[in-house]
Amino acid sequence: MTVTRFAPSPTGYIHVGNLRTALMNFLIARKSGGTFILRLDDTDQERSKQEYIDGILQDLEWLGITWDRIERQSARLGRYEEAAEDLRAKGRFYEVFETPLELDLKRKKQLNMGKPPVYDRSGLHLSDAEKDALRAEKPGYWRFLLDQERIEWVDGILGPISIDAASVSDPVMIKADGQVLYTFASSVDDSDMGITHVVRGADHVTNTATQIQIIQALGGKAPSFAHHSLLTGPQGEALSKRLGTLSLRDLRAQGIEPMALLSLMARLGSSQPVELAGSIEELIEGFDISTFGAAPTKFDADDLKPLTRAYVQALPFAAVAGRLAGIGVPEAQAERFWEVVKGNIGVLGDLDGWWALVRDGAEPMVAPEDEAFVAEALAMLPPRPWGPESWSEWTAAVKAATGRKGRGLFMPLRRALTGMDHGPEMAELMPLLQKVPGQG
Ligand code: GLU
């Protein structure tokens with residue numbers, strides 16, 4: 001059975017980059033009827049915050065990305081200790097003592113000599129007495145002893161990958177203060193939880209190489225891996241600095257609709273066209289990881305606007321009735337109001353402005369050269385109630401009286417009544433307007 005996971009570190013809110021990872025793993029699990037685990041990589045106690053955990057859960061719920069169960073790494077520390085013991089016994093964990101400064105010096109020396117800056121494994125050759133002496137000064141920390149051979153896998157997006165383990169430093173697994181690091185905890189979890197597929201960003205390719213060896217050393221079976229390309233801004237610029245402003249909660253506050261966001265992220269960077277999906281089921285059905293390319297993927301938040309617009313404009317009245325009631329549209333008028341204005345909204349929040357216009361009227365927009373004309377026309381407004389014919393009857397009468405026609409006739413009247421030069425058909429909007437200039 002397919003088992004995937006989304007493994008955010010709760011040290012911040014989810015942004016579009018993480019969403020891509022979450023969505024792909026979710027879609028793979030759902031498409032195959034498998035299990036999707038939400039795993040919180042929260043072994044960094046200082047930086048992990050409950051506030052972010054709550055935020056991640058809310059954001060995923062908002063999107064409709066449902067998980068089958070939650071796992072927290074902080075609840076599995078005992079298991080990591082056990083796995084560490086196992087790897088110590090197998091000779092795959094070794095204790096080291098270098099400070100960051102010492103490591104930095106070693107790297108500089110290696111680079112000066114034209115050698116790759118790979119950890120030299122000095123710790124591996126320390127005698128027990130040397131270790132005791134070092135421990136008396138400072139606590140040691142633990143590295144995983146890589147097998148120095150090529151690590152190969154067929155990546156679901158990048159194709160065949162081959163990494164020479166000799167070109168990678170033995171990864172640090174447990175810090176001197178006992179904190180279990182992500183690479184180790186993640187390998188233990190992926191192995192214990194029977195994860196079959198891992199999709200994550202291309203920045204994890206080297207981690208994958210080492211994690212494959214760690215999982216194998218633990219006696220587990222490495223999952224299939226796929227690494228999606230990193231997102232860049234519209235001009236190809238790095239997005240990392242801007243990701244803060246591309247958090248899902250910011251997009252939600254701007255009125256971006258979940259289906260718009262999901263539709264874009266499920267296709268962006270693939271050979272399939274981006275189009276608004278009707279449902280999550282449709283996205284699940286159409287998802288195919290093999291259609292994604294390895295090249296950096298351009299992300300433009302503006303692309304979410306037309307998708308959101310298309311989504312909201314296609315909503316049935318029933319879907320917006322609650323929201324309309326919430327902004328004070330009386331039930332009796334709500335459906336008509338929706339039908340008239342929906343073609344002129346980009347996000348649902350735009351309904352507020354249209355309702356304010358209908359309820360309160362607008363500050364008329366009248367060009368100086370139209371003042372006399374508008375005053376004359378307003379004096380000719382037909383008596384209420386207004387119906388679908390009112391606009392054409394009124395404008396016909398104004399035309400006959402003033403000789404104006406076409407745009408010169410209609411536009412000043414639209415501006416006078418709505419304060420804008422665009423909007424719904426005036427014949428439809430006019431009967432809804434509760435206040436117009438000259439009528440109090
Ligand atoms: N916590 C890691 C991250 O957010 C998870 C990466 C992975 O999927 O293994 O980068």
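In this report, we go over the structure that sits alongside the text. Please read these numbers as outputs of a predicted model, since none were measured by experiment. Per chain, the residues get numbers from 1 upward, laid out in the order the sequence is written. The predicted nature of this model means local features are confined to residues of pLDDT at least 70 and side-chain atom pairs, given and counted, to a pLDDT of 80 or more, with totals for whole chains, interfaces and linings taken over all residues. Note: side-chain values were computed over all heavy atoms of the structure, leaving out hydrogens and water.

This next bit is on the environment of Ser162. As for its position among the elements, Ser162 is in strand 7 (residues 159-164). It is 6.2 Å that separates the C-alpha atoms of Ser162 and Arg150, two residues lying 12 residues apart in sequence. We call two residues contacting when some pair of their heavy atoms lies within 4.5 Å. If we skip the residues at most four places from it in the chain, Ser162 touches Arg150, Ile151 and Glu152. In protein, a polar contact requires one atom able to donate a hydrogen and another able to accept it; more generally it is a pair of N or O atoms within 3.5 Å, and residues adjacent in sequence count only if both atoms are side-chain atoms. Of note is the side chain of Ser162, whose polar atom sits 2.6 Å from the side chain of Arg150. At a separation of 3.0 Å, a polar atom in the side chain of Ser162 contacts the side chain of Glu152. Strands here are runs of E lasting at least two residues and helices are runs of H or I lasting at least four, both read from the DSSP assignment and numbered beginning at the N terminus.

By salt bridge we mean one thing: a side-chain nitrogen of Lys or Arg within 4 Å of a carboxyl oxygen of Asp or Glu. Tallied over the full model, the rule gives 33 salt bridges. Put simply, Lys90 and Asp86 hold a salt bridge, and the shortest N to O gap is 3.1 Å. Burial classes follow relative accessibility: with a 1.4 Å probe on protein chains only, a residue under 20% of its type's maximum area counts as buried, one over 50% as exposed, and anything between as partly exposed. When its relative accessible area of 44% is taken as the criterion, Lys90 is described as partly exposed. Given a relative accessible area of 27%, Asp86 falls into the partly exposed group. The shortest N-O distance in the salt bridge between Arg107 and Asp104 comes to 3.6 Å. Taken together, the residues Arg107 and Asp104, both in helix 4 (residues 100-112) and three residues apart, mark about one turn of the helix. By relative accessible area, which is 30% here, Asp104 ends up partly exposed. By sharing partners, the salt bridges in this structure join Arg5, Arg39, Asp41, Arg76, Arg79, Glu82, Asp189, Asp190 and Asp192 into a single network.

Glancing now at the packing of aromatic side chains. Stacked, edge-to-face and tilted are the three classes for Phe, Tyr and Trp ring pairs, Trp counted by its six-membered ring, which pair at centre distances within 6.5 Å; planes under 30 degrees apart are stacked, over 60 edge-to-face, the rest tilted. Within this structure, the stated rule accounts for eight aromatic pairs. A ring pair is formed by Phe26 and Phe36, whose centres lie 5.7 Å apart and whose planes are at 80°; its orientation type is edge-to-face. Of the two residues, Phe26 is situated in helix 1 (residues 16-31) and Phe36 in strand 2 (residues 35-40); the sequence distance between them amounts to 10 residues. Both residues of the pair, Phe26 and Phe36, belong to the buried class. Among the aromatic side chains, those forming a connected cluster through ring pairs are Trp391, Trp394 and Phe410. Throughout this description, the term charge over a ring refers to an Arg CZ or Lys NZ atom that lies within 6 Å of the ring centre and within 35 degrees of the ring normal. A cation over an aromatic ring shows up here: Arg143 above the ring of Tyr119, its NZ or CZ 3.8 Å from the ring centre.

This part takes up helix 9 (residues 258-265). Judged by how many residues are buried, helix 9 sits mostly within the fold: eight of eight residues are covered. Regarding helix 9, the residues found buried are Pro258, Met259, Ala260, Leu261, Leu262, Ser263, Leu264 and Met265.

Strand pairing is assigned whenever DSSP identifies at least 2 bridges connecting the two strands. Strand order in this open sheet of three strands is 4-5-8, and the pairing throughout is antiparallel. With one partner strand each, in any of the chains shown, strand 4 (93-96) and strand 8 (172-174) form the two edges of the open sheet. Between one strand axis and the next, the sheet turns through 45° on average, direction left out of account. All axes are obtained by fitting lines to C-alpha atoms, using only the stretch in contact for helices, and the reported angles, taken between N-to-C directions, cover 0 to 180 degrees. Those strands touched by helix 3 (residues 77-89) are strand 4, strand 5 (141-144) and strand 8, and its axis lies near 95° from that of strand 4.

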